[in-house]
Amino acid sequence: MEMRDREGNGNSVELREVTKRHGPTVAVDRLSLTIRKGEFFSLLGPSGSGKTTTLRLLAGFEQPDSGEIIIEGRHMEGVPPNRRPVNLVFQNYALFPHMTVAKNVAFGLEMKGLAEAAIGPRVVEALEMVRLAAKQERLPAQLSGGEQQRVALARALVNRPAVLLLDEPLGALDKQLRLEMEVELKALQERVGITFVCVTHDQEEALTMSDRLAVLQHGKLLQIGTPEEIYRAPASAFVANFIGVSNGLSGRVEGIVGQHATVAVEGIGVIHAPAVAGLVAGAPVLVTIRPERLHLARGPEPDGFQNQVSVRVAKTIYAGNETQYLLTLPNDQTWKVRIPNADGAAKRFQAGESAYLKWRTAEAVLLPE
Amino acid sequence: MKKSFPWLVAPPALTLIFLFGVPLLLVLAVSFASRGTYGGIEWALTFNNYTSIVDPLYLRIFWRSLWLAVVTTAICLVMGFPLAYVIARAPQRRQGLLLFLVIIPFWTNFLVRTYAWMFILRTEGLLNQVLMALGFIHEPLTILFTDWAVLIGLVYGYLPFMVLPLYAALERLDRSLIEAAWDLYAKPVQVFTRVVLPLSKPGVIAGCVLVFIPSLGAYVTPDLLGGARTMMIGNLIQHQYLVVRDWPFGSSLSFVLMAGVLAAVLYYLRAGGARSLA
């Protein structure tokens, strides 16, 4: 049994055509995806995208209406949560309020029937891993939010599950703590080598921590890949938007010459962009440019940029290392642009000023609409 | 905090002082008096009313009352817990309706409902007819005017008092805690004993107190369903006041009952229930 689990194809979790309905709504719609052993995998999507339902299907709290779930080579049909090789870190942590930190962490091992002598050292080890060994006699209510979250992690990891499921693990933490925990969580995952499956609606979190991620919408898989693949080449306008590209121009393909496409945008003019497969002249497309790839200049000189649009600065937000500008385009669209502040204060623009927004053809991504 | 409107407390405070506190003191005073020849009260300080309780006849009645109250509480707990759990886990919209069904019996006078039980439990009653028609028994069971009838009546009467506090405790129980225990390899029974039960302890204690106290002092139920043979303390006290016309002895019995209840409640609170009533 142990041997069969360990061989196989290097996959930790496999979903095959999984569908789950909640009344009339289809929460998960024929979802198929494969999660590799030891990878940090994120399910990213807005609320109602089916990501939490997927996690609950993996944990065993819900059963799929159709399709198969395979964890570590074993079919999970009819297997209740207490007999699955997975543990879940709940969004609200769900620490047992009537038990001390140590008792919380020991719970899973106790239920597994481990000898008391074996439980103690593992509890201490798990708490040391999250740097909470000093607080093991506290009750959960006596801990801060960040500490509670680390107890929840220790309580799950102490069982050495094949897969650790995390439901919005950083959602309840304040921003500073969240940034720290993103790094810490990823480091922890690399250290323990356990497959992490993390549900989040925060694209930044997903991009920072994941080895690979899946973007979901309405229970369907939109795109799966490494953060870089998804960020560089979003498969659709929705993914591009959700992953943090807020700047898009809707237009029609005018012409395609080899790797180069021209797009006519009403009120703006002609935009140059790299052609993508399947593009035909006359087709409606969305041209997206990442906010950090845009340049803002006072004059209309090309300076090596193939595209430029005259804009008016609507708002300036100073954000330490960068300045965020809200720019009004000739077609009355508003774009958000981030310019590093390293260039010095003299070059910053003030609200009301006119400017030119420029970018290289290679920085644009065409998405069929 | 300064505007606490102390005068708002005056009406209930005065009601309690004059209609509860003063009569209670009168009963206390009477319990140290003695019975006059024709049933009156003779004001001569005596402890006879208390010492004469230590008679096997009365002790047996105390013991039976205590026993019936404990069994009633236990049955209510065992029956009420699943009921409260199901209501607390029902969809939010349906919880109101289910709670409403639990308290619907309160719409009818308790006396009327107890008479209804007499019709159900008597020898030619509904229960015996149904059981005989179904072939479970061949001759009618004698239930009415036994301890069984009293027990059935008490459980019926006080079950809602167990269900309501249990519901309140279980409704507050975070569902994800149950899932967390399940996820951490707990079998359903272990989920219950390790997580659900400890976290609903305040409700269990409140429910037990609310069922135990009125069961111990029950009067109508044993009177109607228990008949002459099953007397509880409540009936004994009534008997002393209205039949024997020995008010001093009835008063001392009342105070012993009250002291017993107080001791039981204090024990409960010391055992961890203080949080539940705070």
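Residues numbered from 1 in each chain as written. Chains lettered and ligands numbered in written order. Predicted model: local features only at pLDDT ≥ 70, side-chain atom pairs only at ≥ 80, totals over all residues.

**What to know about the overall build of chain A**
- Across its full length, chain A carries nine helices and 20 strands.
- Projected onto its principal axes, the C-alpha coordinates of chain A cover approximately 75 × 45 × 40 Å.
- Taking all 369 residues of chain A together, the buried fraction comes to 38%.
- The long-range share in chain A, meaning contacts at least 24 apart out of those at least 6 apart in sequence, stands at 65%. (Helix = DSSP H or I, 4+ residues; strand = E, 2+ residues; numbered from the N terminus. Buried ≥ 20, exposed ≤ 12 C-beta atoms within 10 Å, placed from the backbone. Contact = placed C-beta atoms within 7 Å.)

**A look at the overall build of chain B**
- Along the backbone of chain B there are 13 helices and two strands.
- Taking all 278 residues of chain B together, 33% fall into the buried category.

**Considerations on the confidence of the model for chain B**
- A residue-level look at chain B finds 96% of positions with pLDDT of 70 or above and a mean pLDDT of 89.
- When pLDDT is averaged over each element of chain B, helix α8 (residues 175–183) of chain B comes out on top at 95 and helix α13 (residues 247–277) of chain B at the bottom at 80. (pLDDT = per-residue confidence, 0-100.)

**What about the pairing of strand β11 (residues 248–257) of chain A?**
Residue and element names in this part refer to chain A.
- The pairing of β11 with strand β14 (residues 284–289) spans five bridges and is antiparallel. The partner of Leu249 across the bridge, within β14, is Val287.
- With five bridges connecting them, β11 and strand β12 (residues 260–265) associate as antiparallel partners. Within the sheet, the bridge partner assigned to Ile256 lies in β12 and is Ala261. (Pairing = 2+ DSSP bridges.)

**Focus on the pairing of strand β19 (residues 354–359) of chain A**
All names here are of chain A.
- The side-chain alternation of β19 yields one buried face, formed by Ala355, Leu357 and Trp359, and one unburied face, formed by Ser354, Tyr356 and Lys358.
- Bridge count between strand β15 (residues 295–297) and β19: three bridges; the pairing is antiparallel. Bridge pairing in β19 places Leu296 opposite Leu357.
- By the bridge criterion, six bridges tie strand β16 (residues 307–319) to β19 in an arrangement that is antiparallel. Pairing of Asn307 across the sheet is with Trp359, part of β19.

**Considerations on the environment of A:Ala275**
Residue and element names in this part refer to chain A.
- Here Ala275 lies in the loop between β13 (269–274) and β14.
- With 16 C-beta atoms counted inside 10 Å, the residue Ala275 sits in the partly exposed group.
- Spatially, the C-alpha atom of Ala275 lies 36 Å from that of Gly10, the residues being 265 residues apart in sequence.
- Setting aside residues no more than four positions away along its own chain, Ala275 makes contact with Ile256, Gln259, His260 and Ala261.

**So, the interface of chain A and chain B**
- Every contact between the two is made by 15 residues of chain A and, on the other side, 15 residues of chain B.
- Looking at the side of chain A that touches chain B, the elements with two or more residues in it are β6 (86–89) and α3 (101–112) of chain A.
- Sort the elements by how many residues they give to the side of chain A that touches chain B and α3(A) lands first, with four residues.
- By residue class, the composition of the side of chain A that touches chain B is nine nonpolar, five polar and one charged. (Nonpolar A, V, L, I, M, F, W, Y, C, P; charged D, E, K, R; others polar.)

**Here we look at the domain arrangement of chain A**
Residue and element names in this part refer to chain A.
- Here chain A is partitioned into domain 1 (2–241) and domain 2 (245–368).
- The straight-line distance from the C-alpha centre of domain 1 to that of domain 2 is 38 Å.
- Across the contact, six residues belong to domain 1 and seven residues belong to domain 2.
- Residues that form the side of domain 1 that touches domain 2 fall into these classes: four nonpolar, two polar and no charged. (Domains from an automatic or database assignment.)

**Remarks on the packing of helix α5 (residues 110–121) of chain B against helix α7 (residues 147–172) of chain B**
Residue and element names in this part refer to chain B.
- Closest axis-to-axis distance for the α5/α7 pair is 11 Å, and the angle between their directions is 140 degrees. Between α5 and α7, the angle falls in the class oblique. Handedness of the crossing formed by α5 with α7: right-handed. On α7, the residues that touch Phe110, Thr114, Trp117 and Leu121 of α5 are Ala149, Ile152, Gly153, Tyr156 and Gly157.
- Residue composition of the contact of α5 with α7, by class: six nonpolar, three polar and no charged. (Axes fitted to C-alpha atoms, helices over the stretch in contact; angles between N-to-C directions. Parallel < 35°, antiparallel > 145°, perpendicular 65-115°, else oblique. Left-handed = near helix turned anticlockwise from the far one by under 90°.)

**Side note on the sheet that holds strand β5 (residues 74–75) of chain A**
Residues and elements named next belong to chain A.
- Across the sheet, four strands lie side by side as β2-β1-β4-β5; this open sheet has antiparallel pairing. Two strands lie at the open edges of the sheet, namely β2 (25–36) and β5, each paired on one side alone.
- In terms of strand pairing, strand β1 (residues 11–22) meets strand β4 (residues 66–71) through five bridges, oriented antiparallel. By the bridge assignment, Val13 is partnered in β4 with Ile71.
- Sitting on the sheet, helix α2 (residues 51–59) is in contact with β1, β2 and β4, with an inclination near 65 degrees to β2.

**Quick look at the environment of A:Gly282**
All names here are of chain A.
- Secondary-structure assignment places Gly282 in the loop between β13 and β14.
- Taking C-alpha positions, Gly282 is 4.9 Å from Val253, a pair spaced 29 residues apart along the chain.
- Filtering out sequence-adjacent residues up to four positions away, Gly282 remains in contact with Arg252 and Val253.

**Digging into the nonpolar core**
- The biggest cluster of nonpolar side chains holds 104 residues, and the ones touching the most others in it are A:Val105, A:Ala154, A:Leu165, A:Val197 and A:Val287.
- Counting contributing residues, this core receives three or more from each of domain 1 (2–241) and domain 2 (245–368) of chain A.
- When sequence neighbours within four positions are dropped, the list of residues in contact with A:Val287 reads A:Gly248, A:Leu249, A:Gly251, A:Val263, A:Ile271, A:Ala273, A:Ala364 and A:Leu366.
- With 44 residues, the next largest nonpolar core counts B:Trp117, B:Ile143, B:Met162 and B:Met232 among its residues. (Core = buried A, V, L, I, M, F, W, Y, C linked by C-beta atoms within 7 Å.)

**Description of the environment of A:Leu216**
All names here are of chain A.
- Within the secondary structure, Leu216 sits in strand β9 (residues 212–217).
- For Leu216, a count of 27 C-beta atoms within 10 Å corresponds to the buried category.
- As for Leu216 and Leu31, which are separated by 185 residues in sequence, their C-alpha atoms are 9.4 Å apart.
- What Leu216 contacts, discounting residues up to four positions off in sequence, is Leu43, Leu44, Gly45, Ser49, Gly50, Lys51, Leu221 and Leu222.

**Examining helix α1 (residues 10–30) of chain B**
- Helix length check: α1(B), at 21 residues, gives a terminal C-alpha distance of 28 Å against a target of 30 Å (1.5 Å per residue), a fit within 8%.
- The sharpest bend along α1(B) reaches about 35 degrees and sits at B:Ile17. (Expected span 1.5 Å × (residues − 1). Bend = angle between axes of the 7 residues up to and from the residue.)

**Remarks on the sheet that holds strand β20 (residues 364–368) of chain A**
All names here are of chain A.
- In spatial order, the strands read β13-β12-β11-β14-β20; together these five strands make up an open sheet with antiparallel pairing. Looking at strand neighbours, the two that pair on one side only are β13 and β20, the edges of this open sheet. Along the sheet, successive strands turn relative to each other by an average axial angle of 45 degrees, direction set aside.
- Here β14 pairs with β20 via five bridges, running antiparallel. Paired with Val287 across the two strands is Leu366, which belongs to β20.

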